[in-house]
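# Chain and residue survey
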Amino acid sequence: MTDLADYQRDIAAALRSQSEAPFGLAESRFQVYRRLVYNNLTGFIDQCYPIASALIGDEDWHNLSKAFFAEGKLHSPLFKNIPEIFLDWIEERDNVPEWLHDLMHYEWLELAAYQHTGEVVFHEGQPLANLEQGDIDVIVNPTVHFGIYPRPVHQFSPDAAIPPTSGEWFGVAVYRKASHEVAFNALNATTLQLLQALQLNPSIGAACQSLSERIPNTDAKSLWPHVVNVLEQLHQEQIILGYQRRTTSTG
Amino acid sequence: MAYPSGAGLGLRQEHLSTLFDDGVPDVINFFEIAPENWMSHGGRKRQQLNTLLEQRPFVAHGLSLSIGSSDPLDEDFVEDIARFLDKHHIDLYSEHLSWCSANGHLYDLLPLPFTEQTVDHVAQRVKRVQHILGRRIALENTSFYMAAPHASMDEASFVCAVLEAADCDLHLDINNVFVNSVNFGFDPYQYLQALPTKRIVYMHTAGHFREAEDLVIDTHGAEVIDDVWQLLNFSYQQFGVFPTLLERDFNIPPLTELLPEVLHIKRLQNQTVPVTARVAT
C-alpha cells in the first residue's frame, strides 16, 4: 500500500514540476490541481510585480514563475510572504538581468509598507529649533523601508528602455502615512544613511556622530544644522513622525 | 466557548469600506475570516477589521494548517493562531480535512487518501493542535477533484473515522458535499445521513462552477444553486440548525447583492422545527 508521506511527496513534486499525474491518478482531474496551484501562486507574485513582469515579458516571466514553483522553498504558511520568498529566490539566480532584483525589491517595498503591522501616529509641531541640541530622539515611521539601487528603478516603466548604470546611486524610502496611503520618496545616499542610523538609534546626536565618521573632515557638531534641515523635511513627509526628548538613564 | 448563531458572511476585503462606512446589515449575525489573511497585517483594512470585531462575533476558518500533511506540524504557526484567536476573542476555529504542504507549502487544498493510516495520522495532529490551542477545533469536509486509487473507504466513512479518532468537531460544508457528489458520483443525501450529528458545530454554503457534466470546481464565485439550498434545508431537518455561513471568494459583487443569500439561510433556519421540539411518530 502507498505510504501517506510517499503519496504526498510525489504529488507535490508533480505539481511543482507541472508534470503528469503520479499513482495512476486520472490525468483529467490532476490537471485541475496543476492549474489551481500554479494560478494561485502566480496570482500573488504577479500582483506584487507589475512593472518587473511587464519589462521581462510574458514568456520569460512565466518561465521564472515556473522555475520558482519547482525550486523555491515555500515554508511560510502565510500567502503574504510569497512575493518576498520569490524576491529572495530571484536574488540567488545569476541568469536574470542585473536590474531585475533591484526593480522587484523596489516593487516589493510597496507591499511591505502597506502590510506592515506598525502603527503610524503623526505628531505635529515641536519645531526642532526649539529643542535643546543633543538630547532629542526622532520617531522614525515604523513602516518605512529603504532601497538603494545603481539605477533609478523608481522611474522604470514598461514603455521605456532600461538605462545603464552611471556610478550614481538612487535611494528611496517607501512607507505608510497616517492616512494609510503608501508614499514613495527619493533620497540621496547621505539622507538614507542618516535614516538608517536613526532606525538603529533614534538620538539625533548619535546620528550626527555616526554620519561624521563616514564623511571626511567633519565633526558631529558642524553637521547638526544640516541634519536639522533634513529632518524637518522628512517630518513634513511623515518619514519621521515627530520628536521626543531623550530620557537619559542615571546610574 | 460561545459559538455564534444564525447566518454569517465570509468577510472580504472588498466589502470592508462599505461595512465600515454604512454599518453592518442586521441580517449578518457573524463574520468569518481566515487568520492567515490577517495575522500579520496592519494599515487601514486592519483597523477597519478591528472595528468590525467589536460589532459582531467572528469565526476563524484556517487555510494553511495542513492537518493531513506528512511534514512536521508547524507548531510556531499554531501558536500564532492561538494568539490571534485569543487576542480577538474568537471561539470557533475550523480547518480543512486536507493537506497543502509537502516539503513546503502548495497554498491549495489537496485530497487525502481515505485510508486507516491517514485517519491515525490526522487524528494525532488534531490532538496536538487542540492541546496547543487549548480548545476543540472543527474539521471541514473539503471539496476534491481526484481520489487516491489506494483508498480503503469512502469519504463519509473517512470523515466519521477522523472525527471519532481525533475527538474533534465537524464543520459541515454543504456545497462541498454537493461538489464531491458530482465529482465522485455518490448520493449527497446518503452522505449526509452517515455523518455524526453530535459533532456538527458549524455549516458552510457557497456557489461553484460547473466545468463539465461530471466535474464541479469549488470556486465560491457564484450564487448558491437550488440543489445546495435543498441539501442545506435537508441538513437542518436532519441535524437541527447550526450557525451557517455564506462564502463568496471570487466574482465578488457589492455587499447588498449577497444579502438575499444570507437572508435565505436565515429563512431556512427560522422555518426549521427545533430537533428537541419534534414529536416522535
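Quick look at the structure, then. Note on numbering: residues in each chain are counted from 1, in written sequence order. The order in which chains are written sets their letters, starting at A; the order in which ligands are written sets their numbers, starting at 1. Only residues with pLDDT of at least 70 are given local features in this predicted model, and only at 80 or more are side-chain atom pairs given and counted; all residues enter the totals for whole chains, interfaces and linings. Only hydrogens and water are set aside when side-chain values are computed; all heavy atoms of the structure are taken into account.

## A closer look at the pairing of strand 2 (residues 145-149) of chain A
Residues and elements named next belong to chain A. A 1.4 Å probe rolled over the protein chains alone gives each residue an accessible area, and that area as a share of the maximum for its type sets the label: buried under 20%, exposed over 50%, partly exposed in between. Numbering goes from the N terminus for both helices and strands, where a helix is a DSSP run of H or I of at least four residues and a strand is a run of E of at least two. Of all 5 residues in strand 2, 4 are buried; the element is thus mostly enclosed. Two strands pair when backbone bridges link them, and strand 2 and strand 3 (residues 170-176) are joined in this way by 5 bridges, in the antiparallel orientation. Of the residues in strand 3, the one forming a bridge with His145 is Val174. Pairs of strands are assigned from DSSP output, requiring at least two bridges between the strands.

## With respect to the packing of helix 7 (residues 189-200) of chain A against helix 8 (residues 204-214) of chain A
Angle between the axes and distance between the axes are the two parameters that describe a pair of packed helices. Residues and elements named next belong to chain A. Two numbers describe how helix 7 lies on helix 8: the axes approach to 9 Å, and their chain directions differ by 135°. Our classification of the angle between helix 7 and helix 8 gives oblique. Between helix 7 and helix 8 lies a crossing whose hand is right-handed. In contact with Thr190, Gln193, Leu194, Ala197 and Leu198 of helix 7, helix 8 contributes Ile204, Ala207, Ser210, Leu211 and Arg214. When residue character is reported, Ala, Val, Leu, Ile, Met, Phe, Trp, Tyr, Cys and Pro are called nonpolar, Asp, Glu, Lys and Arg charged, and the others, Gly included, polar. A per-class count over the contact of helix 7 with helix 8 returns 6 nonpolar, 3 polar and 1 charged. Note on method: axes are straight lines fitted to C-alpha atoms, helices fitted across the in-contact stretch only, with angles between N-to-C directions ranging 0 to 180 degrees. Should an angle lie under 35 degrees it is considered roughly parallel, over 145 roughly antiparallel, and from 65 to 115 roughly perpendicular; all remaining angles are considered oblique. By convention the crossing between two helices is left-handed if the near helix lies anticlockwise of the far one by an angle smaller than a right angle, and right-handed if it lies clockwise. Whether two residues touch is decided by their heavy atoms; if any such pair falls within 4.5 Å, the residues are in contact.

## Examining the sheet that holds strand 3 of chain A
Residue and element names in this part refer to chain A. Here we have 3 strands laid out as an open sheet, ordered 2-3-4, and antiparallel in their pairing. Two strands in the sheet have a free side with no partner beyond their single neighbour: strand 2 and strand 4 (182-187). Pairwise comparison of adjacent strand axes, ignoring direction, gives a mean angle of 20° for this sheet. Sitting on the sheet, helix 6 (residues 100-115) is in contact with strand 2, strand 3 and strand 4, with an inclination near 170° to strand 2. Across the sheet, helix 7 lies against strand 2, strand 3 and strand 4, angled at about 145° from strand 2, the strand it touches most.

## Notes on empty space enclosed by the protein
Residue and element names in this part refer to chain B. A 1.4 Å probe that fits but cannot get out identifies a cavity on a 1 Å grid over protein atoms alone, an open set with protein on both sides within 12 Å along at least five of seven lines counts as a pocket, and a residue lines either if it has an atom within 4 Å of a point. Grid points are joined across faces, edges and corners, and a volume is the space filled by probe spheres set on the points. For the structure shown, the criterion picks out 1 cavity of 30 Å³ or more. Along the walls of the largest cavity sit Leu97, Phe114, Glu140, Asn141, Thr142, Phe144, Glu155, Phe158 and Val159, which together make up its complete lining. By residue number, the principal contributor to the lining of the largest cavity is helix 5 (residues 155-166), which donates 3 residues. Class assignment of the residues belonging to the lining of the largest cavity gives a composition of 5 nonpolar, 2 polar and 2 charged.

## A short note on the sheet that holds strand 9 (residues 200-206) of chain B
Residues and elements named next belong to chain B. Spatial strand order, 1-2-3-4-7-8-9-12: 8 strands in a closed barrel with parallel pairing. Ignoring strand direction, the axes of neighbouring strands in this sheet form an average angle of 30°. Bridge count for strand 1 (residues 7-10) against strand 12 (residues 244-247) is 3 bridges, and the pairing is parallel. Its bridge partner lying in strand 12, Gly8 is registered against Leu245. Across the sheet, helix 9 (residues 255-270) touches strand 1, strand 9 and strand 12, and the angle it forms with strand 1 is around 150°.

## Topic: the layout of surface pockets
When its volume is computed, the second largest pocket comes out at roughly 570 Å³. Along its surface, the second largest pocket is lined by 27 residues, and Thr117 of chain A together with Met39, Ser40, His41 and Arg46 of chain B are the ones closest to its centre. Looking at the lining of the second largest pocket element by element, the count peaks at 5 residues for helix 3 (residues 75-87) of chain B. An automatic or database domain assignment supplies the residue ranges for each domain. Here the lining of the second largest pocket gathers at least three residues from each of two domains, domain 1 (4-96) and domain 2 (128-245) of chain A.

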